[in-house]
Amino acid sequence: MIDLAFVRANLPIVEEKLRSRGMNPATALGDFAAIDRERREAITEVESLKARRNKLTEEIARLRKAGEDATSATEETRSLKADLETLEARATAADERLRTILQTIPNLPQDGVPVGSDEHGNSIEKLWGEKAQFPFTPKPHWEIGEALNILDFNRAAKVSGSRFVVHFGAGARLERALANFMIDLHTREHGYTEVLPPYMVNSKSLFGTGQLPKFAEDLFHCDDKGAYVAGELQDGDHWLIPTAEVPVTNLLRDETLDEAQLSVSFCAYTPCFRSEAGSYGKDVRGMIRQHQFQKVELVKFTTPAKSSEEHEALTRHAETVLEQLGLPYRRMLLCTGDMGFASSKTYDLEVWLPGQGLYREISSCSNFLDFQARRANIRYRPAGAKKSEYLHTLNGSGLAVGRTYLAVLENYQQEDGSVRVPDVLVPYMNGQTVITRQEPL
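What counts, and where the lines are drawn
- Residues numbered from 1 in each chain as written.
- Predicted model: local features only at pLDDT ≥ 70, side-chain atom pairs only at ≥ 80, totals over all residues.
- Heavy atoms only, no water.
- Salt bridge = Lys/Arg side-chain N within 4 Å of Asp/Glu carboxyl O.
- Helix = DSSP H or I, 4+ residues; strand = E, 2+ residues; numbered from the N terminus.
- Buried < 20%, exposed > 50% of the residue type's maximum accessible area, 1.4 Å probe, protein only.
- Pairing = 2+ DSSP bridges.
- Polar contact = N/O pair within 3.5 Å; in protein donor to acceptor, adjacent residues only side chain to side chain.
- Contact = heavy atoms within 4.5 Å.

Draft legend 1. Representation of the pattern of salt bridges. For the coordinates displayed, the defined rule picks out 28 salt bridges. Taking the shortest distance from any N to any O, the salt bridge between Arg-99 and Asp-95 comes out at 3.3 Å. Taken together, the residues span about one helical turn, with Arg-99 and Asp-95 both in helix H5 (residues 71–103) at a distance of four residues. Overall, the relative accessible area of 16% leaves Asp-95 in the buried class.

Draft legend 2. Local environment of the pairing of strand S12 (residues 345–353). Of all nine residues in S12, eight are buried, a share of seventy percent or more. Where strand S11 (residues 329–333) meets S12, five bridges bridge the pair, whose relative direction is antiparallel. Considered in S12, the bridge of Tyr-329 is made with Val-351. Here S12 pairs with strand S13 (residues 358–367) via nine bridges, running antiparallel. Each bridged residue has a counterpart across the sheet, and for Asp-348 the counterpart in S13 is Ser-364.

Draft legend 3. Quick peek at the side chain of Gln-290. Here Gln-290 shows up in the loop between strand S9 (264–273) and strand S10 (292–302). Here the side chain of Gln-290 touches Gly-286 through a polar contact of 3.4 Å, landing on its backbone oxygen.

Draft legend 4. Representation of the environment of Glu-323 in the model. Along the chain, Glu-323 turns up in helix H11 (residues 307–325). On the basis of relative accessibility, which here comes to 22%, the residue Glu-323 falls in the partly exposed class. Among all residues touching Glu-323, those that are not within four sequence positions of it are Lys-126, Trp-128, Arg-316 and Tyr-329. A distance of 3.0 Å separates the side chain of Glu-323 from the side chain of Arg-316, its partner in a polar contact.

Coordinates in, geometry out; function isn't part of it.
Here it is as structure tokens:
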């Protein structure tokens, strides 16, 4: 959530930043200025009445001490009390209305983020790796996996419906190998602490990271006793996590860390569940848009002074996975119109898929500044300071395991239909160097 005081003091800047995101400030902010004016007027009147009440209190004391009649002053004091309660309630209500408006407003893009309306406004920041040249026409991953009998979309549809897949044999082992490789890399070489969080969270957690209330339709809600009512954040309802970002970030909700404890870096391997609302008809083949997929997530908590540096470091950690796997990729700086709701700056890593002849997002690395920390009330206490401040949160995929899996199939396919195992994965595959066709069930 954006700082309410910042919006009040910098409304023209906020309006311009929202325009850069393709939003109409009048629609997004509604009657913000009028409500804020009403609030300030109410507060001014409250202060004026309090000053008058204090004078009357002194006057009543003087009159009573002198043995004079204080009835008039006493009655005025009673009247002031009722007026004060009304004005204070009005100011509080206005403040709540302003905060409700801010809950639905996205984070403001950092300076330097390119202005654009969609993915066409993104800029290429880096290209890495040589695209493999095949002496045959490379196939997409779904054809490779089905031919090898390691992927089964039909049985998954029978069990769960569309947008699911079953992995068999060496295919299942490859998924596990990728996850173990990523976790080992991030914990051993990059200094992350591994976390195994719950796969279900309450609505307060989803509010903290910015998924609720705006994006409820993109989530899977559990049909349990704590039924979700729009706008009501609860402790006892349950949602399947769309990403480990949600439970891991909320581990520190309502907590205050000492500056000496920062930066904190966590990584987590979890399934992710997404309804893919609005994506029907898009990417219906293969493993691109699944209702369930696995991901290794990187989450950082840091001070404002270090957040830009940590953003670059986190992005490099995700890139290292691709480089060690030998997968060509590009780093994209997302434009204002293509960033996520909570992000102030995002790099997307896109891996080359020769079977489809295009780059696909495989990691999104974002700096949220204090946007999530305000919603989740995560603070730190600067050294020597008495007052705490909001820290900064960052996260990124390190990587999406399913998309890394399909990138391996497409980039390491061979003419006979087999798939060579990348060297760094061989120890995780029990020494297997090539995935060949296995007998169908």
